[in-house]
Amino acid sequence: MALLPILNYPDPRLRTIAKPVKEVTAEIKTLIADMIETMYDAQGIGLAASQVDRHIQLIVMDLSENSPRVFINPKVTPLVEEKQPYEEGCLSVPEVYDSVERPKKVRIEALDEHGKKIDEEVEGLLAVCIQHEMDHLNGVIFVDYLSRLKQSRARDKVRKVIKIREKQGEQTADKQPQ
Ligand code: K1U
Ligand code: ZN
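Residues numbered from 1 in each chain as written. Chains lettered and ligands numbered in written order. Predicted model: local features only at pLDDT ≥ 70, side-chain atom pairs only at ≥ 80, totals over all residues. Heavy atoms only, no water.

A.B. asks: How should I be thinking about the coordination of the zinc ion (ligand 2) in this particular structure?
C.D. replies: Under perfect tetrahedral coordination by four donors, a metal shows angles of 109.5 degrees; under perfect octahedral coordination by six donors, it shows angles of 90 or 180 degrees. Around the zinc ion (ligand 2), the protein supplies C90 (SG), H132 (NE2) and H136 (NE2) as donor atoms, at distances of 2.0 to 2.3 Å. As a motif over one chain, the donors of the zinc ion (ligand 2) read C-x41-H-x3-H. Of this pair, C90 sits in the loop between β4 (83-88) and β5 (98-103) while H136 sits in helix α2 (residues 124-137), and the two are 46 residues apart along the sequence. For the residue pair C90 and H136, the accessibility class agrees, reading buried in each case. (Donors = N, O, S within 2.8 Å, 3.2 Å for Na, K, Ca; no water. Helix = DSSP H or I, 4+ residues; strand = E, 2+ residues; numbered from the N terminus. Buried < 20%, exposed > 50% of the residue type's maximum accessible area, 1.4 Å probe, protein only.)

A.B. asks: How should the sheet that holds strand β1 (residues 46-48) be read in this particular structure?
C.D. replies: For sheets, the rule is that strands pair by backbone hydrogen bonds, running either parallel or antiparallel. Pairing is antiparallel across the open sheet formed by 5 strands, whose spatial order is β1-β2-β3-β6-β7. Here the strands that pair on one side only, and so sit at the sheet edges, are β1 and β7 (117-123). This sheet shows a mean twist of 35° between the axes of neighbouring strands, independent of strand direction. Sitting on the sheet, helix α1 (residues 26-41) touches β1, β2 (58-61) and β3 (69-78), and the angle it makes with β2 is about 40°. α2 rests against β1, β2, β3, β6 (105-111) and β7 of the sheet, and its axis sits at about 150° to β2. (Pairing = 2+ DSSP bridges. Axes fitted to C-alpha atoms, helices over the stretch in contact; angles between N-to-C directions. Contact = heavy atoms within 4.5 Å.)

A.B. asks: Help me understand the site of ligand 1, please; the structure alone is not making it clear to me.
C.D. replies: The environment of ligand 1 is made up of 16 residues, and the closest members are I45, G46, Q51, L91 and E133. One nitrogen or oxygen atom from the main chain of Q43 is found 3.1 Å from an oxygen atom belonging to ligand 1. Between an oxygen atom of ligand 1 and a side-chain N or O atom of H132, the distance comes to 3.2 Å. Expressed as a share of its isolated accessible area of 500 Å², the protein-covered part of ligand 1 is 86%. The cavity where ligand 1 resides is the largest pocket. (Near = heavy atom within 4 Å. Polar contact = N/O pair within 3.5 Å; in protein donor to acceptor, adjacent residues only side chain to side chain. Areas by Shrake-Rupley, 256 points an atom, 1.4 Å probe, with all protein chains shown as cover. 1 Å grid on protein atoms, 1.4 Å probe; cavity = no way out; pocket = protein on both sides within 12 Å on 5 of 7 lines; lining within 4 Å. Sits in = over half its atoms within 2 Å of the grid points.)

A.B. asks: I would appreciate a short explanation of the pattern of salt bridges in the present structure.
C.D. replies: It is possible for side chains of opposite charge to pair when their charged atoms get near one another. Under the criterion given, the structure shown has 14 salt bridges. For the salt bridge of R102 with E88, the shortest nitrogen-to-oxygen distance reads 2.7 Å. Remark: E88 occurs in strand β4 and R102 occurs in strand β5; sequence separation between them is 14 residues. For the pair shown, R102 and E88 are each scored as buried. Ionic pairing is found between E95 and K157, a salt bridge with its closest N-O pair at 3.9 Å. Of this pair, E95 sits in the loop between β4 and β5 while K157 is found in helix α3 (residues 148-167), placing the two residues 62 residues apart along the sequence. By relative accessible area, K157 is classed as partly exposed at 35%. Each member of the salt-bridge network shares a partner with another, and the members are K75, R107, E109 and D119. (Salt bridge = Lys/Arg side-chain N within 4 Å of Asp/Glu carboxyl O.)

What follows is the structure, given as structure tokens:
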């Protein structure tokens, strides 16, 4: 398994629209394992393939530690008009957190890593997280919902965090080994 570099905001590659997965090949299975390892290493609860520069409709998630879930070709439909705010974070926008309002209850239709159909009505953090990850597959980042001022502050913050991480010798998607 391998740790994958995560793209940082405002990298334009994060704006790429993901394509459907045609078949769960050995290569996709390796990508799933690598994404799960990368998500755990970064202490995230979700990761979309777009964030590791693979522009296919694939999401991994773990809200409960050690029971990772995989969503392939997900479709997410709001079931209620009521929205709820949640203080979101993003592994592509490190150390920036802000409140985003999203529909409280959604339906998730997808395939899992074995090709089995998923069809669930969800609320709470799972509803928040799947909508955040779906946005990634559509080239949308949670800071897009914030004011221009907050977006500009987020860009500055990410630049600072990357500099510190590079000084600490961490590998980032912005700086690959020569
Ligand atoms: O997509 C990502 O970058 C992962 C992201 C998922 C997410 C967290 C919180 C709300 C919406 C989506 C993260 O895992 S951010 C880091 C994190 O673990 C976290 C941050 C705030 C609340 C809970 C978890
Ligand atoms: Zn994110």
